[in-house]
Amino acid sequence: MIVRPCSRRTAIHRAALATATLIVLAGGASAQDRPAAPGAIIKTLLQATTTADGKAFAYPDGKALVTARLVELPPGGEIIRHRHAVSPFIYILEGELTIASDSMPTQVYKAGDTYIEQAAWHSGRNLGATPVRLLSVYPSAEGVALSERPQ
């Protein structure tokens, strides 16, 4: 993929704005992160140049498009095996998510954890007794599929 600095900067800016807005709307910000008079308190959730498995990532060429999703996975639920052309930013709002991947050992992410999802094939499971809620933000480009499943 070819990365143009302008497209990447625009995608990153839009992803950061969408993420901050959705975290506040989803109730994921703690009291210490909420603005206090006269100024705001800002907490960096993640700053990364690699995916969870240590691979560098790049944004695709094209017209920038950011997609943000709130995902809820009930106890015993599973996100089936898939991979991404552009790795999304993940913020676990509640619960614990277990990720099995072709590129790294099984990982468990808990409420408050953030990561850039790996591009390798992976699946997620809620092995806990409470729902998992997560925010998934895809800084991508128009026409690029958010994920693909094995054929």
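One can find the structure itself at the top, above this paragraph.
Quick caveat: nothing in here was measured; it's all calculated off a predicted structure. Counting starts from 1 at the beginning of each chain's written sequence and moves along it residue by residue. Local features in this predicted model are restricted to residues of pLDDT 70 or higher, and side-chain atom pairs are both shown and tallied only at a pLDDT of 80 or more, whereas totals for entire chains, interfaces and linings draw on every residue. Remark: hydrogens and water are excluded; side-chain values derive from all non-hydrogen atoms of the structure.

1. Things to note about the sheet that holds strand β8 (residues 132-141)
Here we have 4 strands laid out as an open sheet, ordered β1-β8-β3-β6, and antiparallel in their pairing. The open sheet has two free edges, formed respectively by β1 (64-73) and β6 (114-116), since each of these has just one partner strand. For this sheet, the mean angle separating the axes of adjacent strands, direction not counted, is 20°. With 3 bridges connecting them, strand β3 (residues 89-94) and β6 associate as antiparallel partners. Bridge assignment links Phe89 to a residue of β6, and that residue is Ile116. Strands pair, by our definition, only if DSSP identifies at least two bridges between them. Think of it this way: any DSSP run of H or I at least four residues long counts as a helix, any run of E at least two long counts as a strand, and we number them from the N terminus. All axes are obtained by fitting lines to C-alpha atoms, using only the stretch in contact for helices, and the reported angles, taken between N-to-C directions, cover 0 to 180 degrees.

2. Side note on the sheet that holds strand β7 (residues 122-125)
Reading across from one edge, β2-β7-β4-β5 is the order of the 4 strands in this open sheet, with antiparallel pairing throughout. What marks the edges here is a single partner per strand, and that holds for β2 (78-82) and β5 (107-110). When the angles between neighbouring strand axes are averaged without regard to direction, this sheet yields 20°. As paired strands, strand β4 (residues 96-101) and β7 are joined by 4 bridges and run antiparallel to one another. Bridge pairing in β7 links Thr98 to Arg125.

3. What about the packing of aromatic side chains?
Aromatic contacts are taken between Phe, Tyr and Trp rings whose centres are within 6.5 Å, Trp giving its six-membered ring; a plane angle under 30 degrees counts as stacked, one over 60 as edge-to-face, and the others as tilted. Under the definition given, this model contains 2 aromatic pairs. Summarising the aromatic geometry, the rings of Phe57 and Tyr59 are spaced 5.8 Å apart at their centres and angled 75° between planes, so their arrangement reads as edge-to-face. Think of it in three bands: residues with accessible area under 20% of the maximum for their type are buried, residues over 50% are exposed, and the middle band is partly exposed, with areas taken using a 1.4 Å probe on protein chains only. For Phe57, a relative accessible area of 14% corresponds to the buried category. For the ring pair Tyr109 and Tyr115, a centre distance of 3.8 Å and an interplane angle of 15° mean the geometry is stacked. Its relative accessible area of 10% is what places Tyr109 among the buried residues. For Tyr115, a relative accessible area of 4% puts it in the buried group.

4. Side note on the pattern of salt bridges
Just to be clear on terms, a salt bridge is a Lys or Arg side-chain nitrogen sitting within 4 Å of an Asp or Glu carboxyl oxygen. Enumeration over the complete set of coordinates arrives at 4 salt bridges. Residues Asp102 and Arg81 are paired through a salt bridge, measuring 2.7 Å at the closest nitrogen-oxygen approach. Pair noted here: Asp102 is in the loop between β4 and β5 and Arg81 is in strand β2, with a separation of 21 residues, a long-range link. For Asp102, a relative accessible area of 51% puts it in the exposed group. Among the residues examined, Arg81 registers a relative accessible area of 38% and is labelled partly exposed. Measuring nitrogen to oxygen at the nearest pair gives 3.0 Å for the salt bridge that ties Glu94 to Arg133. Taken together, the positions of Glu94 in strand β3 and Arg133 in strand β8 put the pair 39 residues apart, joining distant regions of the chain.

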